[in-house]
Amino acid sequence: MANSKYEYVKAFEQPDLLLPNTWIVVRIDGRGFHKFSAKYAFEKPNDRRALDLMNAAAKAVMSELPDIVIAYGISDEYSKLTTTIVSTFTAHFVLLWSSYFPELPLSPPLPSFDGRAVLYPSVQNLRDYMSWRQVDCHINNLYNTTFWALIQMGGLDAKDAEKELAGSVAADKNEILFSRFNINYNNEPDMYKKGSVVFRDYELVEPGSVSEVVDEDSAKTMEQLELSKTQEEKDRKRRAKAIITVQHVDIIKDEFWERRPWLLSNKP
Ligand code: DGT
Ligand code: MG
Ligand code: MG
Ligand code: MG
Ligand code: MG
């Protein structure tokens, strides 16, 4: 293409580098979803359809981008590892909207998401990040469940409900739910209490076939490098074919990760 006097603007494109050997977390969050959820009258505090739609969009993104290892979602946010593109999520969210809200056609302002990439250099950092999101999910959901019970079942207005909960600890909220509204928080849906984890569940397809993970290329001959490239390609294909599952389980304890060694096995 011919040069033009305008071409200098290309120099403004700065390299946007992430670091090798780190876990890339891309956190996606609905923009202005406070208003958006009011516009479409999402049920409070949790709207099953809205959360199912978020999960469906996350699943679609993972099928399209096989490099993504795991995704975790709560409320209007979704955390994804590796080079996800927010727009893929948004595109699927919009495409799938009518399956979850058949009675409510979308109209402007349309849903959009912001995304930020954060690099975590160790498995411990990454696990702590995931734990942080799940703890947040628990704290927020216990608060919101109690807050909305006080309003919807207890007849309080928002201000009084907020006052009632000021300074309360988890045990107080459990007690309010149980003694006043006969709600045992433990019996609330796991999706609301624990959020949603999206990952490839190889156990469901080919048990035991995922253990050989390509190790560091550094000390290898060219031939071995060729081989590991093919292996990498194979891994990629297998990931693309694997079943993607959405589960509402504890990701803070070791058990989740120990049972699924393929999730964290290819980095230091
Ligand atoms: P932002 O992210 O700065 O653009 O602003 P927002 O308004 O998206 O705020 P954020 O992300 O801190 O909070 C998420 C909002 O979405 C919050 O107002 C609650 C709402 N939301 C998320 N999930 C549900 C749901 O299932 N039901 C209802 N009613 N609201 C929800
Ligand atoms: Mg935000
Ligand atoms: Mg938001
Ligand atoms: Mg949010
Ligand atoms: Mg491009």
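Treat the numbers as computed from the prediction; the structure is a model and nothing was measured.

A. Layout of the overall build of the chain. Helix and strand content of the chain: nine helices and six strands. Looking at the chain as a whole, 39% of its 268 residues are labelled buried. Across the chain, the fraction of contacts at a sequence separation of at least 24, relative to all contacts at a separation of at least 6, is 76%. On the chain, roughly 15,700 Å² of surface is accessible, and the fraction owed to carbon and sulfur atoms is 55%.

B. Summary view of the packing of aromatic side chains. By the definition in use, this model includes 21 aromatic pairs. Judged by centre distance (5.7 Å) and plane angle (70 degrees), the ring pair of F36 and W97 falls under edge-to-face. Taken together, the residues span a long stretch of sequence, with F36 in helix α1 (residues 33-39) and W97 in helix α3 (residues 86-100) at a distance of 61 residues. The exposure class assigned to F36 is buried, which follows from its relative accessible area of 5%. When its relative accessible area of 2% is taken as the criterion, W97 is described as buried.

C. Structural detail: the nonpolar core. Core analysis: the biggest nonpolar cluster contains 24 residues, and F36, F42, F89, F93, W97 and F113 have the highest contact counts within it. When contributions to this core are tallied by element, the ones reaching two or more residues are β1 (23-30), α1, α2 (48-64) and α3. Broken down by element, this core gets its largest block of residues, seven residues, from α2. Grouped together as the second largest cluster of nonpolar side chains are 20 residues, V25, I70, Y129 and A242 included.

D. Highlighting the pattern of salt bridges. Scanning all chains against the criterion turns up nine salt bridges. The closest approach of N and O atoms between R127 and D254, which form a salt bridge, is 2.9 Å. Taken together, the residues R127 in helix α4 (residues 123-152) and D254 in helix α9 (residues 254-259) connect sequence positions 127 residues apart. Accessibility expressed as a relative area gives 42% for D254, which makes it partly exposed. Salt bridges here are not isolated pairs; linked through shared partners, they connect D190, K193 and K194.

E. Examining the side chain of S168 more closely. The topology assignment puts S168 in the loop between α5 (158-165) and α6 (170-181). The exposure class of S168 is buried, given its relative accessible area of 17%.

F. Examining the packing of α4 against α6 more closely. Taken N-terminus to C-terminus, the directions of α4 and α6 make an angle of 35 degrees; their axes are 10 Å apart at the nearest point. For α4 against α6, the interelement crossing comes out left-handed. Counted together, L142, Y143, T145, T146, A149 and L150 of α4 and A170, K173, N174, I176, L177, R180 and F181 of α6 form the full contact between these two elements. For the contact of α4 with α6, the class distribution of residues is eight nonpolar, three polar and two charged.

G. Region of interest: the confidence of the model for the chain. Of all residues in the chain, 84% have pLDDT values of 70 or greater, and the mean over the chain is 85. Within the model, pLDDT remains below 50 along residues 205-218, and this stretch shows 20 contacts once partners closer than five positions in the same chain are excluded.

H. Spatial organisation of the packing of α2 against α3. In the contact formed by α2 and α3, the axes pass within 8 Å of each other and the chain directions differ by 135 degrees. In terms of orientation, α2 and α3 fall into the oblique class. Taken as a pair, α2 and α3 cross one another with a handedness that is right-handed. Within the contact between the two elements, α2 uses R49, D52, L53, M54, A56, A57, A58, A60, V61 and E64 and α3 uses T88, F89, H92, F93, L96, W97 and Y100. Its residues assigned to classes, the contact of α2 with α3 comprises 12 nonpolar, two polar and three charged.

I. Focus on the site of ligand 1. Neighbouring ligand 1 are 15 residues, the closest being D29, G32, F33, H34 and D47. In the model, an oxygen atom of ligand 1 is placed 2.8 Å from a nitrogen or oxygen of the D47 main chain. In isolation ligand 1 has 640 Å² of accessible area, and contact with the protein removes 66% of it. Where the shell around ligand 1 is concerned, the elements lending two or more residues are β1 and α1. For the shell around ligand 1, the per-class residue count stands at three nonpolar, six polar and six charged.

Criteria and cut-off values
Residues numbered from 1 in each chain as written. Chains lettered and ligands numbered in written order. Predicted model: local features only at pLDDT ≥ 70, side-chain atom pairs only at ≥ 80, totals over all residues. Heavy atoms only, no water. Helix = DSSP H or I, 4+ residues; strand = E, 2+ residues; numbered from the N terminus. Buried < 20%, exposed > 50% of the residue type's maximum accessible area, 1.4 Å probe, protein only. Contact = heavy atoms within 4.5 Å. Areas by Shrake-Rupley, 256 points an atom, 1.4 Å probe, with all protein chains shown as cover. Phe/Tyr/Trp six-rings, centres within 6.5 Å; stacked < 30°, edge-to-face > 60°. Core = buried A, V, L, I, M, F, W, Y, C linked by side-chain atoms within 4.5 Å. Salt bridge = Lys/Arg side-chain N within 4 Å of Asp/Glu carboxyl O. Axes fitted to C-alpha atoms, helices over the stretch in contact; angles between N-to-C directions. Left-handed = near helix turned anticlockwise from the far one by under 90°. Nonpolar A, V, L, I, M, F, W, Y, C, P; charged D, E, K, R; others polar. pLDDT = per-residue confidence, 0-100. Parallel < 35°, antiparallel > 145°, perpendicular 65-115°, else oblique. Near = heavy atom within 4 Å. Polar contact = N/O pair within 3.5 Å; in protein donor to acceptor, adjacent residues only side chain to side chain.

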